Amino acid sequence: MSLRERSPGGAVEAGENAAAEASPAEASPAEADGPGRCLSLLPWDRFSAWLHCVCVVGFDLELGQAVEVIYPLHSKLTDKEKTNICYLSFPDSNSGCLGDTQFCFRFRRSTGRKVSFCCFLDQLDRDLPVYLKKDPAYYYGYVYFRQVRDKSLKRGYFQKSLVLISKLPYVHLFRTMLKQIAPEYFEKSEAFLEAVCSDVDRWPPPIPGKILHLPIMGIIMKLRIPTYRDKPGTTPIVQNMHQADAQISMALPTVHEVDLFRCFCPVFFHIQMLWELVLLGEPLVVMAPSPSESSETVLALVSCISPLKYCSDFRPYFTIHDSEFKEYTTRTQAPPSVILGVTNPFFAKTLQHWPHIIRIGDIKLPGEVPKQVKVKKLKNLKTLDSKPGVYTSYKPYLNKDEEIVKQLQKGVQQKRPTEAQSVILRRYFLELTESFIIPLERYVASLMPLQKCISPWKSPPQLRQFSQDDFMKTLEKAGPQLTSGLKGDWIGLYRHFLKSPNFDGWFRSRQKEMTQKLEALHLEALCNENLVFWSQKHTEVETVDLVLKLKNKLLQADREHLPVKTDTLKKLQMHINDIILALPDDLQDILLKTGTT
């Protein structure tokens, strides 16, 4: 792949000929569209690229919630994972969710589990924007819950959830899929579920940047997964434009986004303060009347700092039965950096010591302009019946942006579609985040050694250390004021951010990228040297040592997926072969066998 550079917004941009320069291993997934051409995958490998398994959770009068079915049959879940899925797949009894309800949850994978196959999926993961990359420590659960009266049952109600378990954060895709299959599943039962899973096992791999056609029980979903090359804030529209698309039943505008405006409506006047709290990784609780509201609001909060990745834990729906309940609610230490979505009234008492609590009522699209709601003091939050609002003593660093509030209020008055309101709000958050992160990007780029410092005969130079004082000095002339008109204590916001998990995660990622770029430049410097001439001037021992080091460099480039052109790697391999051929036969035999695997 070509060397990559970062845009100020934090997205990585590749050279124009990135596809042409992709190695065969990288190129192959993109060619795997046609039936039977998917990288010689085994049965259920395609399914595993999208889902870990499908579960049915029912209610047993003696056992309580129980996993009734797991499909495919070979899918593995630990007892702890099954227990979490059982409790997270049903709304709390106080939610009163009659009819059909959709929501999602997130839970920790059990430690010590074997990571499934999918080496090529790791390559696909590298092409995703940072906020869509899989977190190997967590699973998502996408739920379709049905509760209807049924006098034939002892309990008087039919209660069951169909749950998709996946490592992928594609909320909108799986929500749409469940809406299509769940109602029919509740009528037809297990045979239908088997047919659904067989359909998913015919899907192409989740390749970022390609238009994908995903058949599911008679309809075809058409979608595109974003790539890191996409300009932040833009979503290429997937439309049914051509005659050949006549059979397409559904074009998805997004795979992962939630209805941002709808989610933030209950806390309309505090969006900027909430952006700060999420950016700083502050402990946040969302108290909502149902799992639908809690999960959508938590996901909206996490997405509001995009294209930055939210690096702490977040639970769209959290219950008192969760395996991390004690860890997250203990009063013996400060609340952790996590966002929790809860519905049980018990949490109003258990989490009273948390510094920031968002209380929301039923999420409805406003038919009138929302009323100004003041930030409330935490001591006023007694129960879940407390009035909706934000309960915190936090004082925002930045002055309030009245323009965005007026713009959205005007949209409500003019009955602007909620999709259009969400676009405005998403653009606002994006510009705010980019204004904040550009100065950091610019300073971190200056820590990179100059190319003239890279010598083929020395180890690659180290990145310079990040200095908070040096960074702060850059803000006077090259701070956020260049791109944002917002006034306030930007310096204080940066100082706070530099202590947060989000900064730590962002900086580690940037450090890794720049270190890999240095390794790649070092490889190119080696390729531009006449290595055969060098070997002729040195002893056999020194030449053998060089060959072994060069072979290790090639293995490292492959193992760490360094951003090196394929031609560079081929050229280096030719250098190695030429040096070996100039050595005595006995050394040739040894070196040709060494370090090839």
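Predicted model only: the values in this text are computed from it and were never measured. (Residues numbered from 1 in each chain as written. Predicted model: local features only at pLDDT ≥ 70, side-chain atom pairs only at ≥ 80, totals over all residues. Heavy atoms only, no water.)

Right, let's talk about the overall build of the protein for a bit. Scanning the protein from N- to C-terminus turns up 21 helices and 15 strands. When each of the 597 residues of the protein is scored for burial, the buried share is 52%. When the accessible surface of the protein is totalled, it reaches about 28,700 Å², and 52% of it is carbon and sulfur. (Helix = DSSP H or I, 4+ residues; strand = E, 2+ residues; numbered from the N terminus. Buried < 20%, exposed > 50% of the residue type's maximum accessible area, 1.4 Å probe, protein only. Areas by Shrake-Rupley, 256 points an atom, 1.4 Å probe, with all protein chains shown as cover.)

Moving on: the sheet that holds strand E3 (residues 53–60). The antiparallel open sheet is built from five strands, whose spatial order is E4-E3-E7-E6-E5. Each edge of the open sheet is held by one strand with a lone partner, namely strand E4 (64–71) and strand E5 (99–108). Neighbouring strand axes in the sheet, compared pairwise and without regard to direction, differ in orientation by 25° on average. The pairing of E3 with E4 spans seven bridges and is classified as antiparallel. If you follow Val56 over to E4, its bridge partner there is Val69. Along the sheet, helix H6 (residues 171–188) makes contact with E3, E5, strand E6 (138–149) and strand E7 (157–166), crossing E6 at roughly 40°. Lying on the sheet, helix H7 (residues 190–200) is in contact with E3, E4 and E7; it crosses E4 at an angle near 50°. (Pairing = 2+ DSSP bridges. Axes fitted to C-alpha atoms, helices over the stretch in contact; angles between N-to-C directions. Contact = heavy atoms within 4.5 Å.)

This part takes up unusual backbone geometry. Each neighbour pair has its own omega, and for Tyr71 with Pro72 the value is -5°, a cis peptide bond. Its location among the elements puts Pro72 in the loop between E4 and helix H4 (79–88). Along the chain, Ser306 connects to Pro307 via a cis peptide bond; the corresponding omega equals 10°. Assignment of secondary structure puts Pro307 in the loop between helix H10 (291–303) and strand E12 (313–315). With a phi close to 45°, Met217 is a non-glycine residue in the positive phi region. Examined against the element boundaries, Met217 turns out to sit in the loop between strand E8 (211–216) and strand E9 (219–224).

The subject of this paragraph is the sheet that holds E8. Taken together, the three strands give an open sheet; going across it, the order is E8-E9-E10, and neighbouring strands pair in mixed fashion. Whereas interior strands pair on both sides, the edge strands pair on one side only; in this sheet they are E8 and strand E10 (250–251). For E9 and E10, the ladder comprises two bridges, and the chain directions are parallel. Counterpart to Met221 in the pairing with E10 is Met250.

Overall, the coordinates contain 37 aromatic pairs when judged by the stated rule. Each ring, one from Phe103 and one from Tyr317, has its centre 5.3 Å from the other, and the planes form 75°; the classification is edge-to-face. Taken as a pair, Phe103 in strand E5 and Tyr317 in the loop between E12 and helix H11 (325–329) lie far apart in primary sequence, 214 residues in all. Seen from their ring centres, Tyr310 and Phe314 are 6.2 Å apart, and the 70° between their planes marks the pair as edge-to-face. A relative accessible area of 4% means that Tyr310 is categorised as buried. Above the ring of Tyr138, the side-chain terminus of Arg106 is found at 3.9 Å from the ring centroid. Arg106 extends its terminal NZ or CZ atom over the ring of Phe314, reaching a point 4.0 Å from the ring centre. (Phe/Tyr/Trp six-rings, centres within 6.5 Å; stacked < 30°, edge-to-face > 60°. Lys NZ or Arg CZ within 6 Å of the ring centre and 35° of its normal.)

It is worth spelling out the confidence of the model for the protein at this point. A residue-level look at the protein finds 83% of positions with pLDDT of 70 or above and a mean pLDDT of 83. Per-element mean pLDDT across the protein ranges from 30 in helix H1 (residues 18–21) up to 97 in helix H9 (residues 271–279). Taken together, the stretch residues 1–39 has pLDDT below 50 and engages in 86 contacts with residues farther than four places along the chain or on a different chain. (pLDDT = per-residue confidence, 0-100.)

This part is about the nonpolar core. The biggest cluster of nonpolar side chains holds 113 residues, and the ones touching the most others in it are Trp50, Met177, Phe264 and Leu440. Broken down by element, this core gets its largest block of residues, 10 residues, from helix H14 (residues 418–445). Aside from chain neighbours lying at most four places away, what touches Met177 is Leu51, Leu164, Val196, Val200, Trp203, Ile216 and Met221. In terms of nonpolar packing, the next biggest core, distinct from the first, is built from 20 residues, Leu523, Val547, Val564 and Leu572 among them. (Core = buried A, V, L, I, M, F, W, Y, C linked by side-chain atoms within 4.5 Å.)

Taken as a whole, this structure holds 23 salt bridges when the rule is applied. Linked by salt bridges that have partners in common, Arg106, Arg108, Asp135, Asp313, Arg315, Asp322, Glu324 and Glu327 make up one network. (Salt bridge = Lys/Arg side-chain N within 4 Å of Asp/Glu carboxyl O.)

This next bit is on the packing of H14 against helix H17 (residues 501–527). Relative to each other, H14 and H17 sit at 35°, their axes nearing to 11 Å. When the axes of H14 and H17 are compared, the crossing they make is right-handed. The segment H14 lies against H17, with Ile437, Leu440, Glu441, Val444 and Ala445 engaging Phe503, Trp506, Phe507, Arg510 and Met514. Considered class by class, the residues forming the contact of H14 with H17 number eight nonpolar, no polar and two charged. (Left-handed = near helix turned anticlockwise from the far one by under 90°. Nonpolar A, V, L, I, M, F, W, Y, C, P; charged D, E, K, R; others polar.)

Before going further, it helps to examine the pairing of strand E13 (residues 338–342). Counting buried positions along E13 gives five out of five residues, so the element sits mostly inside the fold. Burial along E13 is two-sided: the residues Val338, Leu340 and Val342 and Ile339 and Gly341 are all buried. Here strand E11 (residues 284–287) runs beside E13; their pairing, made up of four bridges, is parallel. Looking across to E13, one finds that Leu284 is bridged to Ile339. Taken together, the three bridges between E12 and E13 define a ladder with parallel strand orientation. The partner of Phe314 across the bridge, within E13, is Ile339.

A few words now on helix H16 (residues 490–497). Every α-helix winds through 3.6 residues per turn, so residues three or four apart in the chain are directed the same way. Of all the positions in H16, only Trp490, Gly492, Leu493, Tyr494 and Phe497 are classed as buried. Buried residues along H16 sit in contact with H9, H14, helix H15 (468–478) and H17.

To continue, consider the packing of H14 against H16. Interaxial distance between H14 and H16 falls to 12 Å at its minimum, and their mutual angle equals 75°. Taken together, the axes of H14 and H16 are roughly perpendicular relative to one another. From H14, Leu432, Ser435, Phe436, Pro439 and Leu440 reach across to H16, where they touch Trp490, Leu493, Tyr494 and Phe497. In the contact of H14 with H16, the residues fall into eight nonpolar, one polar and no charged. (Parallel < 35°, antiparallel > 145°, perpendicular 65-115°, else oblique.)

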